[in-house]
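Fold and contact review
Read off the chains here:
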Amino acid sequence: MTEGRPSAAGSAPLWERDAELATVAQALDVLCADQSSAGSLLVIRGEAGLGKTALLAETRRIAERRGCAVWSARGAETLRSVPFHVVRQLLQPALLSLLPEEAREYLGDWYDIAGPALGIAEPQADNADPQYVCDGLVAAVRRLSRRQWPLVLLVDDAHWADQETLRWLAAFAERLDDLSVLVVVARRPGEVSGDSARLLDAVAAAGRPVHNLSALTPDATAGLTRATVGRHADDAFCREVWAVTGGNPYDTVELLAKVQDSELPPVEAQAGELRALNRAARGGGLVDRLKGLGLEATRFAWAAAILGTGITVDMVAQLATMNDELARTCAELLCNARILTEPGPPAGTERTGGELEFVHPLIATAVYNSIPPGVCTAMHGVAAQMITERGRGAAEAARHLLKVHPDDDEELVEQLREAAREHLAVGAPDAARRCLERALAEPPLPEVHAHVLYELGCATLLTNPAVTIDHLQSALGMPGLDGDDRVDAVVRLSQALLHNDQLEEAVRTVEAEAARHEAGPVRMRLQAFQFMWEGIHGETVSPARSRRLAELASTCTGRDNAERALLILRGFDAMTHGESADEVIELCDRALVNGRLAPGLGWTDTEWGMELLMMLGSAYTYADRLDRAESLFAEARRVYTTAGWRGGHLSLANAFLGLAYRRQGRLRDAESTLREALVLAERVGRRLPLYWSATCGLVDTLLARGRVEEAWSVAERYGFAPPYPSTIVLPDIRSVRGRLLLAVGRTEDGINELEAAEKTAASRGGHNPVLAPWSIDLAKALAGQDPDRAAQLAADARRQAERFGTDTAIGEALRCAAALATGQRAVQLAARAVTYLEASPCQYEHAAARVEYGIAARSVAELGRGLDLARACGAEHLVAQAREVLETGRGLH
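These numbers come from a predicted model, not from an experiment.

1. Observations regarding the overall build of the chain
Helix and strand content of the chain: 44 helices and eight strands. In terms of its C-alpha atoms, the chain occupies a principal-axis envelope of roughly 110 × 70 × 50 Å. Contacts in the chain between residues far apart in sequence, at least 24 positions, make up 68% of those at least 6 positions apart. In the form shown here, the chain has an accessible surface area of approximately 35,700 Å², with 49% of it arising from carbon and sulfur atoms. Within the chain, the 122 negative side-chain charges are centred at a point lying 4 Å from the centre of the 94 positive side-chain charges.

2. A closer look at the nonpolar core
The nonpolar side chains of a soluble globular protein tend to be buried, and buried together. The biggest cluster of nonpolar side chains holds 146 residues, and the ones touching the most others in it are Trp-533, Leu-569, Trp-603, Val-699 and Phe-720. Within the second largest apolar cluster, 57 residues are counted, among which are Ala-94, Tyr-111, Tyr-132 and Leu-199.

3. Description of the pairing of strand E3 (residues 151–156)
For a regular strand, the rule is simple: side chains alternate between the two faces of the sheet. Judged by how many residues are buried, E3 sits mostly within the fold: six of six residues are covered. Alternating residues of E3 divide into Leu-151, Leu-153 and Val-155 and Val-152, Leu-154 and Asp-156, and every residue in both groups is buried. Two strands pair when backbone bridges link them, and strand E2 (residues 69–74) and E3 are joined in this way by six bridges, in the parallel orientation. Directly across from Ala-69, in E3, lies its bridge partner Leu-151. Chirality of the crossover, the property in question, places the unit of E3, helix H7 (residues 163–173) and strand E4 (residues 181–187) among those that are right-handed.

4. Some words on the state of the cysteines
If you walk through the whole model with that rule in mind, you get zero disulfides. You can see Cys-556 has no disulfide; the closest cysteine sulfur is in Cys-588, sitting 13 Å from it. Cys-873 supplies the cysteine sulfur nearest to Cys-842, a cysteine that is in no disulfide, at a spacing of 10 Å. The exposure class assigned to Cys-842 is buried, which follows from its relative accessible area of 0%.

5. Observations regarding the sheet that holds strand E6 (residues 311–312)
Spatially, E6-E8-E7 is the arrangement adopted by the three strands of the open sheet, whose pairing is antiparallel. Every interior strand has two partners, whereas the edge strands, E6 and strand E7 (340–341), have only one. In this sheet, strand E8 (residues 355–358) lies alongside E6 in antiparallel orientation, the contact comprising two bridges. Counterpart to Thr-312 in the pairing with E8 is Glu-355. The sheet strands contacting helix H14 (residues 295–307) are E6, E7 and E8, and the helix crosses E8 at an angle near 90°.

6. Some words on a negative patch on the surface
Negative charge collects at one region of the surface, where Asp-407, Asp-408, Asp-409, Glu-410, Glu-411 and Glu-447 lie side by side. Tracing the backbone through its elements, the reader meets Asp-409 in the loop between helix H19 (394–401) and helix H20 (410–425).

7. Some thoughts on the pattern of salt bridges
Pairing between side chains becomes possible if they bear opposite charge and their charged atoms approach one another. If you walk through the whole model with that rule in mind, you get 54 salt bridges. Put simply, Asp-430 and Arg-167 hold a salt bridge, and the shortest N to O gap is 3.5 Å. Of the two residues, Asp-430 sits in helix H21 (residues 429–441) while Arg-167 sits in helix H7, which places them 263 residues apart along the sequence. When the shortest N-O distance is used, the salt bridge between Glu-437 and Arg-433 registers 3.2 Å. Here Glu-437 pairs with Arg-433, and both are found in helix H21, just four residues apart, close to one helical turn.

8. Notes on the side chain of Arg-564
Positionally, Arg-564 belongs in helix H28 (residues 561–576). Here Arg-564 is buried and forms no salt bridge, its nearest opposite-charge partner Asp-560 lying at an N-O distance of 6.1 Å.

9. Details of the packing of helix H36 (residues 733–743) against helix H38 (residues 774–782)
One can describe the packing of H36 onto H38 by two numbers: an axis separation of 9 Å at closest approach and a directional angle of 25°. As judged from the angle between their axes, H36 and H38 are roughly parallel. The way H36 lies across H38 gives a crossing that is left-handed. Residue-level inspection shows Ser-735, Arg-739 and Leu-742 of H36 in contact with H38, the latter providing Trp-774, Asp-777 and Ala-781. Of the residues assigned to the contact of H36 with H38, the class counts are three nonpolar, one polar and two charged.

10. A few points about the environment of Ala-655
Its place among the elements puts Ala-655 in helix H32 (residues 648–664). Ala-655 sits 37 residues away from Trp-692 along the chain, and the two C-alpha atoms are 9.6 Å apart. Contacts of Ala-655, omitting those with residues within four sequence positions, involve Leu-674, Ala-677, Ser-693 and Ala-694.

11. Quick notes on the pairing of strand E1 (residues 40–45)
Along E1, five of the six residues are buried, which leaves the element largely enclosed by surrounding structure. When E1 meets E4, the two strands line up parallel, connected through six bridges. Bridged to Ile-44 within E4 is Ala-186. Two elements, E1 and strand E5 (residues 211–212), share two bridges in a ladder whose sense is parallel. Paired with Ile-44 across the two strands is His-211, which belongs to E5.

12. Let's talk about the sheet that holds E1
Across the sheet, which stays open at both edges, the five strands sit in the order E2-E3-E4-E1-E5 with parallel pairing between neighbours. Looking at which strands have only one partner, the edges of the open sheet turn out to be E2 and E5.

13. Topic: the environment of Ala-677
Relative to the assigned elements, Ala-677 resides in helix H33 (residues 667–684). Along the sequence, Ala-677 and Val-851 sit 174 residues apart, while their C-alpha atoms lie 31 Å from each other. In this view, Ala-677 contacts Ser-651, Asn-654, Ala-655 and Ala-694; residues no more than four positions away in its chain are not counted.

Conventions and cut-offs
Residues numbered from 1 in each chain as written. Predicted model: local features only at pLDDT ≥ 70, side-chain atom pairs only at ≥ 80, totals over all residues. Heavy atoms only, no water. Helix = DSSP H or I, 4+ residues; strand = E, 2+ residues; numbered from the N terminus. Contact = heavy atoms within 4.5 Å. Areas by Shrake-Rupley, 256 points an atom, 1.4 Å probe, with all protein chains shown as cover. Lys, Arg positive; Asp, Glu negative; His and termini not counted. Charge placed at Lys NZ, Arg CZ, Asp CG, Glu CD. Core = buried A, V, L, I, M, F, W, Y, C linked by side-chain atoms within 4.5 Å. Buried < 20%, exposed > 50% of the residue type's maximum accessible area, 1.4 Å probe, protein only. Pairing = 2+ DSSP bridges. Right-handed = clockwise from strand over helix to strand, strands pointing away. Disulfide = S-S within 2.5 Å. Axes fitted to C-alpha atoms, helices over the stretch in contact; angles between N-to-C directions. Patch = residues over 30% accessible without salt bridge, like charges linked within 9 Å, V, L, I, M, F, W, Y side chains within 5 Å. Salt bridge = Lys/Arg side-chain N within 4 Å of Asp/Glu carboxyl O. Parallel < 35°, antiparallel > 145°, perpendicular 65-115°, else oblique. Left-handed = near helix turned anticlockwise from the far one by under 90°. Nonpolar A, V, L, I, M, F, W, Y, C, P; charged D, E, K, R; others polar.

Right, dumping it as C-alpha cells:
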C-alpha cells in the first residue's frame, strides 16, 4: 500500500495492508447498507508488532467516518485473571450512556443475570451459573446492539482476554446470523492453551478466513524509512533497516525514531549503527532506556505496569510512594519517551483526567518483566491494600493477592475466600477456583483448611464433577469439617460421583457416612441418598434393597422431608419394578404437601438435590399421571432459568420435560425441548448421565415422529452406542437403541440389544413394560423367525402390564398381541387396544393404535380418526401410513 498514505511514521503498520483494509471496507459496506443484513466477524492474526492494533485503529476511523458506533476493548497479559474484564471494557460506552432504569429496561429479564458480571447490578444469589451468565451477556449485547446500529465491536489482544470474555465472544460469534454487527478480533498466534485456545479457535471458526499478517517487504521498509527520516536515505541504509528489524512494523518505527533522536545520517556508512540502536529500542535496551530516565521514572513505570488498567497519576503516586508533583513529572518524562501515552476516550464518553496506558503491549510486558521479583510481589501486595481501602471489593483486589507469596497470612486467606464468593456470585467459577487454590497455598489454619477445600469443591459442582470429587474427598479426609457441613460435603460428593458416572462409589460414600451416625434425621437423610443412588443403578439392584426400602417407607407418613424422600424413593422403585401404578401414585402423592413440593424439597434446595425430584416426576410419568409430571418438570425449568442455572440442572429439567411431552404425544414440543437439553448437556461434557438422557430422549422422539434417518444421524453424531452409563437412563436406553437398530434394518443387532435389555431387567428383579418396552419390540422382531418365543414375550408383557395396571401399559401390550395375531383375532385385539389407549394420556400411542385398528378393520372412520390424532402429535410416518391406505381405498368401508 503506497498511494494516498500519510507520510507520518505512525502509519507504518498500515503499509502493505491493502487486502485487510479492503476486507474491512467491504464488511462495513454490508453493515451500513441494510439493518437487516447478517453480522460478520473478522479475525486478524499476527505476531507482536505486525500492526494488529493499527489495523483496528484504522477500522475505527473508517467506521466512525461512516456513522458507525464503535465499541472497543483490549486484553492485557497481567489482567487475564480478572473475569469479564474485556467485555466490561467493550460495553463501557453503552453502559455509561444509560441511566440505571434505562439499562434495566433495555436488558429486561437479563438485567439481573448479566448486570452483576458487567458491574452495573448487585448479584441476586450466592452462585450464578456461568453458562447462564454467558447467555445473558450474549442477550445483553444483542439488545444493546439493536439500539446502536450500525455497530462495530473491536477486540484487541484477544489472546490475553480473560476466559469469561472469551466464552462470551465465542457464543456471540455463533449467533451473528440475525444481528447486524461487525466484530473484528485481533490476536497473536499461540500464546494460550487449554480452554482459552479452544474458545479462540471457536471464534475464528465463526468468522471469515483468518487474516494472517506478514512482515513488511524490503521495498515497504525502504518507503517507510524515507517517509520518516527523509527521501535522501540511501538504498543500503534502507536494506539494513529491513535486515535489522525483520520487517516488523513496530520495531521499524521504534528504530527509526531512535535514528531521528540520535540524528544518525541515513547513509550506508552509518548503517552499522542500526543494530545497536535496535537493541536499545526493545527488550533489555528498552529497560536500559527506562533506567536512563531516572529511578523515580522507573518506579513510576513499574507501578503503572503493576496496575495494568485504570492507570491514573494519583494511583501510581500512591503505589510508587511519591508525591503528586513528582508523579506528574515522571508521567511527562515517560510520555515523551514513548513508553506511556494518554489514551483517546471511547466514543460518546469523556476521559477521566490523568489516565495513562502503555504505548504498546510489548512495552508493558517488558516493563513488568523488568521489575525485581521481590519488589513486584511487594507492589502487588500494596496495590491490593489500596483497592481494599478504596472499598472496591475483594474480587478486584484478588488479582494482586494471587501474586503475593504464601506467608501463613490468616487475613489473606479470608480475603481470598471472600473474593471467591464474589466471583461465584457473578458467574466466574474459574476465578473463584484460582482464589481458593491460592488460599490453600497460604496455607489456611488447620481448622479452616477443610472448609476451603469444601468451598473449592462446591464451586465446581455439576460444571466439572471430576474436579469437585478431588476437592471434596480431600476436605473429608481432613479434620475440621464437622456437623452439617460434613454431611453436606458427603452428599455433594456423592452427587458429583453420580454425575461423573461413578455410581458404585457414590453409594459406598453415603453408606459409610450413614454408619457413623446414630438413628435420627441425619442418618435417615444419608440412607435416603443411598437408596436413591442404588435405585438409579442401571445394571443391578438387590431385591433385598427393595424390601428394606419398602419396610422403611411403610413407617413413613410424610411428616418431614426425610420421610417424604423415602416415600418418593419407594414410589420410584415400585414403578421401575412394575408394581401397582395406583400404589406408586399413592406413595408419590403422600410425599407432596397439598399437591405441591414441600418447603426444603424445591428444585434449587441443596439438602436433597434435584435427583430425588426427577425420580418423583419419572414415577408420575410412567404411572400415567402426566399432568403432574409435566407440572413438576416445567417448574424445574422455570426455577432453574430464573435462578440462572444453565448447566446440568437445566439440561436435565429440559430432558425430563421432553420425556413428559413425548409420553403425552406432543412430539414437536418434545423434540425442541430435548434439543435444547442436548445443547446444554454438551457444555457440561459428553458421556455423562445427563448427556445420555438428552440424547436417548431425542432419538426416541425422532423415531416416534418417523424420522429414522435423522434419529440415526443423531445417534452417530452424539455417540448413542455402548458402552452405556451405569445409571438408569430414561427412556430405557437399550430399548431405544434396539428399536433404532431395527428401524434402520440392522435386525440381528437390534434383537441382540433388546435381549441385553431383557437381561438387565432380570438382574433388577422386575419389569415395567412401559418404562422399558424391550419385550414388546423384541416380540415383534422375533415374530417371523421364532413365533413361539415371540408369543411368550407378548404374553409376559401383557401379564406385567395388567399387574402395573395403567391404560397405557395394557393398551401397548394389546397392540403387541394384535401385531402377532391374524384375521379376526387381530381386529379384536386392536379394538381392545384402542379402548384402553383412548383412556390413556399418551396420545401418540393412541394415534398408532387407531391407525393400526383402522387398517386391520378396513375402517375409513377409524383411519380418519387416527390420521387426525397423528397430525396433532406430529407423527409423520403414521400420517403417511394412514393417508396411503385411505388414498388406495381398496376394501375400506
